[in-house]
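Geometric and topological summary
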Amino acid sequence: MTQRRPMVAGNWKMNGDAKLAKALFVEFNTTLSGHSPEVVLCPPATYLESVKHEFEQSALSFKQSVIKLGAQSVSEHDVGAYTGEISASMLKDLGCQYVIIGHSERRSLYGETSHTIAEKFAAAKKQNLTPILCIGESSSEREANKTFKVIGDELNTIIERNGINAFDNAVIAYEPLWAIGSGNSATPEQAQEVHAFIRKRLLEVSPLVGENIRILYGGSVTPSNAADLFAQPDVDGGLIGGVSLKPTDFLSLCTIA
Ligand code: PEP
């Protein structure tokens, strides 16, 4: 059976600053060992350089590929008159290896449709950036027993546009909308049920992709609920919002994963 390397990704959203980057690395230097999960930091674009700088200054012990840089969004276009946008190749230039795509805040606040998200996924892949694709249902969809339908449709749109092999080098984050920032995480059983569904869906199309893909859980993960969530067989780590801004707590999530 495949051993999937656990991952903890921190999405700062529109929070933090260069001081937070420094504080996180002070904590990493003292706590993170060579056996850590892969840690991906996704600060606002303006602080990607600060995080990279702190990384470059940091102790050698965890430099061996433990910490990676990620962006929170990417343009679906390669280049051109798209004021305010940042392209995948620009993120590459800044040292990013990952990019979050389809976060529910991008979908709900900025009108990103499934179509746009599939295009952004394609733009990221074209530049060899690894997408962290966020999918998840709202509370009303869950109450109406539509969770699997919503998740299945979100996956299908990406597969139809990009092909199953695009998931070869991709990460999925299951983020139920009702759990994000609410303090009300999914139970480990609820998370496992959906993660198993996602993996099965991908296994049906490609056994290799289904077996290898990392599926993160996101939504009110804290040091007190992480161990049970991360222990589920199909949960390969977490996408972390609020707690990624608290160096000590974020580090404790990294050591739990
Ligand atoms: C998120 O926004 O991706 C997220 C998981 O947030 P939080 O951890 O704060 O619920």
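Being a predicted model, the structure only gives us computed values, none of them experimental.

This next bit is on the UniProt feature "binding site: substrate" (unreviewed entry) in the protein. Here the UniProt feature "binding site: substrate" (unreviewed entry) sits at N11, W12, K13, G181, S220, G241 and G242. A maximum C-alpha distance of 14.2 Å among these annotated residues, which run over 232 residues, shows that they cluster at one spot. If you trace the backbone, W12 turns up in the loop between β1 (7–11) and α1 (18–31). Setting aside chain neighbours within four positions, we find W12 in contact with C42, P43, P44, S244 and L245. Inspection of the secondary structure assignment puts K13 in the loop between β1 and α1.

It is worth spelling out the packing of helix α5 (residues 114–126) against helix α7 (residues 147–162) at this point. One can describe the packing of α5 onto α7 by two numbers: an axis separation of 9 Å at closest approach and a directional angle of 50 degrees. Judged by the angle between their axes, α5 and α7 are oblique. With respect to the hand of their crossing, α5 and α7 are arranged in right-handed fashion. Here S114, A118, F121, A122 and K125 of α5 lie close against α7, whose contacting residues are E154, T157, I158, R161 and N162. The class makeup of the residues in the contact of α5 with α7 is four nonpolar, three polar and three charged.

What follows deals with the sheet that holds strand β6 (residues 171–174). The pairing of strands in a sheet comes from backbone hydrogen bonds and takes either a parallel or an antiparallel form. If you walk around this closed barrel you meet the eight strands as β1-β2-β3-β4-β5-β6-β7-β8, and the pairing is parallel. Neighbour-to-neighbour, the strand axes of this sheet turn through a mean angle of 25 degrees, independent of strand direction. For strand β3 (residues 67–71) and strand β4 (residues 98–101), the ladder comprises two bridges, and the chain directions are parallel. By the bridge assignment for β4, A71 is matched with V99.

Now for α5. Spanning 13 residues, α5 covers 18 Å between terminal C-alpha atoms, matching the ideal 18 Å at 1.5 Å per step. Among the residues of α5, those classed as buried are I117, A118, K120, F121, A123, A124 and K125. Looking at the buried side of α5, the elements it contacts are α3 (88–93), β4, β5 (130–135) and α7. Phi turns positive, to about 60 degrees, at N128, one or two residues after α5.

Residue placement: Q3 occurs in the segment before β1. Residues Q3 and E211, spaced 208 residues apart in sequence, show a C-alpha to C-alpha distance of 9.1 Å.

We now examine the pairing of strand β8 (residues 237–240). Of the two faces of β8, the one carrying G237 and L239 and the one carrying G238 and I240 are both buried. Pairing of β1 with β8 involves four bridges; the strand directions are parallel. The residue of β8 that forms the bridge with M7 is G237.

Cut-offs applied
- Residues numbered from 1 in each chain as written.
- Predicted model: local features only at pLDDT ≥ 70, side-chain atom pairs only at ≥ 80, totals over all residues.
- UniProt positions renumbered as here; feature names shortened; annotations may be inferred.
- Helix = DSSP H or I, 4+ residues; strand = E, 2+ residues; numbered from the N terminus.
- Contact = placed C-beta atoms within 7 Å.
- Axes fitted to C-alpha atoms, helices over the stretch in contact; angles between N-to-C directions.
- Parallel < 35°, antiparallel > 145°, perpendicular 65-115°, else oblique.
- Left-handed = near helix turned anticlockwise from the far one by under 90°.
- Nonpolar A, V, L, I, M, F, W, Y, C, P; charged D, E, K, R; others polar.
- Pairing = 2+ DSSP bridges.
- Expected span 1.5 Å × (residues − 1).
- Buried ≥ 20, exposed ≤ 12 C-beta atoms within 10 Å, placed from the backbone.

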